[in-house]
Amino acid sequence: MTITAAVAGASGYAGGELLRLLLAHPDVDIGAVTAANHAGSTLASLHPHLVPLADRVLAETSPHTLADHDVVFLALPHGASAAVAAGLDPSTLVIDCGADFRLTDDAAWSDFYGGVRPGAWPYGLPELPGQRDVLSGATRIAVPGCYPTVATLALAPAVRAGLVDAAGIVVVAVSGTSGAGRAPQPHLVAADVMGGASAYAVGGTHRHTPEIEQNLATLTDQPVTVSFTPMLAPMARGILATTSAPLSRPVSADEVTELYADACEKEPFVHLLPDGACPTTKATLGSNAVHVQVTVDARANRLVAVAALDNLTKGTAGGAVQCMNLALGLDEQAGLTSVGTAP
């Protein structure tokens, strides 16, 4: 069957990545492409790499423009998705790449976002236990944040097996500048970014913190507390996350590696690297793959898991397409690849 898909927010980085992936999808025809400030512009002026869509003109984002599609992807700023989604037919598959419908806890939403929580949609991380069944046939899906995706997939096997004390998790993740979106921001100008790295939202203030905790809490009966520090690196895209947690019992590196090998073997997009190889952002660029390595810091009695992904692909648009495939009963890997670009 042929699916018609609309992309709202197509002028941004996530919207452009969605279009790139949908162009390669064997079952999708691209319909409306919309934007707010860039309505009336051609895609060529914003995404010159999308050659087959160069002449497409961005329309205004409205329920009317997005109607009559099988799938609507919302790649909109925080707070903009709920109003648009409310105007769409309940039978239309709506996939939100923003944060509006990710959190299930009112207090967490109030603390990190403020205001009234719009609600919670089925969470679009298929690798969580039982989540593929939840996503199958769903008509509303909330795609995870990029940091929660990489942190969750790095830690999930160990948390689920009870190998770590989930109350002592530490996540330090380095991201490229595209994670902040396309809108101009003074601290993201080239002169300030090139040649340096910096931390931001320190002290547990980043909005993805409760989402990471929410995900890991589904895997254990233990309390989950995450100390998360994001960092900005002088690169366009990619995330490298170093995660660690205290071991709950003595365990060898070989035992942990075997646990992760069994978990990753079942997942088409999560790859445990060979012993001694460490994940790099460059190896995942343009792919829907997550590269993982795990070991034990015996002196500190901590498990250490390192993971890399492309924040625009598996971290956003690729995860959204993967969810679309599951919701519509398509091949989960359709339109997606585990092969990155090099050099």
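It should be noted that the structure appears before, not after, this text.
Please read these numbers as outputs of a predicted model, since none were measured by experiment. (Residues numbered from 1 in each chain as written. Predicted model: local features only at pLDDT ≥ 70, side-chain atom pairs only at ≥ 80, totals over all residues. Heavy atoms only, no water.)

Peer 1: How would you summarise the environment of Ala-8 if you had to cite specific residues and measurements?
Peer 2: Turning to its location among the elements, Ala-8 is positioned in strand S1 (residues 3-8). Classification of Ala-8 as buried rests on a relative accessible area of 0%. Sequence separation between Ala-8 and Phe-73 is 65 residues; the distance between their C-alpha atoms is 6.1 Å. (Helix = DSSP H or I, 4+ residues; strand = E, 2+ residues; numbered from the N terminus. Buried < 20%, exposed > 50% of the residue type's maximum accessible area, 1.4 Å probe, protein only.)

Peer 1: I'd like to hear about a negative patch on the surface, residue by residue, with values.
Peer 2: A contiguous patch of negative charge on the surface is contributed by Asp-254, Glu-258, Asp-262, Glu-265 and Asp-275. Mapped onto the secondary structure, Asp-262 falls in helix H10 (residues 253-265). The exposure class assigned to Asp-262 is partly exposed, which follows from its relative accessible area of 41%. (Patch = residues over 30% accessible without salt bridge, like charges linked within 9 Å, V, L, I, M, F, W, Y side chains within 5 Å. Areas by Shrake-Rupley, 256 points an atom, 1.4 Å probe, with all protein chains shown as cover. Salt bridge = Lys/Arg side-chain N within 4 Å of Asp/Glu carboxyl O. Lys, Arg positive; Asp, Glu negative; His and termini not counted. Charge placed at Lys NZ, Arg CZ, Asp CG, Glu CD.)

Peer 1: Describe the sheet that holds S1, naming the residues involved and giving the relevant values.
Peer 2: Spatially, S3-S2-S1-S4-S5-S6 is the arrangement adopted by the 6 strands of the open sheet, whose pairing is parallel. Of all strands in the sheet, those bounded by a partner on one side alone are strand S3 (59-60) and strand S6 (140-142). The pairing of strand S5 (residues 93-96) with S6 spans 3 bridges and is classified as parallel. Its bridge partner being in S6, Ile-95 is matched across the sheet by Ile-141. (Pairing = 2+ DSSP bridges.)

Peer 1: For the sheet that holds strand S12 (residues 290-297), give the residues involved together with the corresponding values.
Peer 2: Within the open sheet, the 7 strands sit side by side as S8-S9-S7-S10-S13-S12-S11. Their pairing is mixed. Only two strands of the sheet have a single neighbouring strand rather than two, namely strand S8 (198-199) and strand S11 (270-272). Two elements, strand S7 (residues 169-175) and strand S9 (residues 226-232), share 7 bridges in a ladder whose sense is parallel. Directly across from Val-170, in S9, lies its bridge partner Ser-227.

Peer 1: Tell me about helix H9 (residues 209-217), residues and numbers included.
Peer 2: Burial runs high along H9: 7 of the 9 residues are buried. Restricting attention to buried positions, one finds in H9 the residues Thr-209, Pro-210, Glu-211, Ile-212, Gln-214, Asn-215 and Leu-216. Those residues of H9 that are buried lie in contact with helix H5 (106-112), helix H7 (146-160), S7 and S9. (Contact = heavy atoms within 4.5 Å.)

Peer 1: Go over the nonpolar core, please, and point to the residues and values.
Peer 2: Counting 42 residues, the largest nonpolar core has Val-164, Ile-169, Leu-216, Val-226, Val-256, Tyr-260 and Leu-303 as the members making the most contacts within it. For this core, the secondary structure elements donating two or more residues are H7, S7, H9, S9, strand S10 (239-246), H10, S12 and strand S13 (302-309). Among the elements that line this core, the one with the most residues is H7, at 10 residues. Each residue touching Val-256, except ones within four places of it in the same chain, is listed here: Leu-163, Val-251, Val-294, Val-296 and Leu-303. With 37 residues, the next largest nonpolar core counts Leu-46, Leu-135, Cys-323 and Met-324 among its residues. (Core = buried A, V, L, I, M, F, W, Y, C linked by side-chain atoms within 4.5 Å.)

Peer 1: Outline the pairing of S12, listing residues and values.
Peer 2: Successive side chains on a regular strand alternate, one facing one side of the sheet and the next facing the other. Counting buried positions along S12 yields 6 of 8 residues, so the element is predominantly enclosed. Where S11 meets S12, 3 bridges bridge the pair, whose relative direction is parallel. Paired with Val-270 across the bridge in S12 is Val-290. The pairing of S12 with S13 spans 8 bridges and is classified as antiparallel. The residue of S13 that forms the bridge with Val-292 is Ala-307.

Peer 1: Quick rundown of the packing of aromatic side chains? Include the residues and the values.
Peer 2: Following the criterion strictly, the structure yields 3 aromatic pairs and no others. Considering the side-chain rings of Phe-101 and Trp-121, the 3.8 Å spacing of their centres and the 5° angle between planes classify their relative orientation as stacked. Here Trp-121 lies in the loop between H5 and helix H6 (131-135) and Phe-101 lies in the loop between S5 and H5, a separation of 20 residues in the sequence. A single burial state applies to Phe-101 and to Trp-121, both of which are buried. Measuring from ring centre to ring centre gives 4.4 Å for Trp-109 and Tyr-113, while their planes differ by 15°; the resulting arrangement is stacked. Overall, Trp-109 belongs to the buried group, its relative accessible area being 3%. On the basis of relative accessible area, Tyr-113 is assigned to the buried category, the value being 13%. The ring centre of Trp-121 lies 5.9 Å from the NZ or CZ of Arg-140, which sits over that ring. (Phe/Tyr/Trp six-rings, centres within 6.5 Å; stacked < 30°, edge-to-face > 60°. Lys NZ or Arg CZ within 6 Å of the ring centre and 35° of its normal.)

By themselves, these observations are geometric and do not establish any function.
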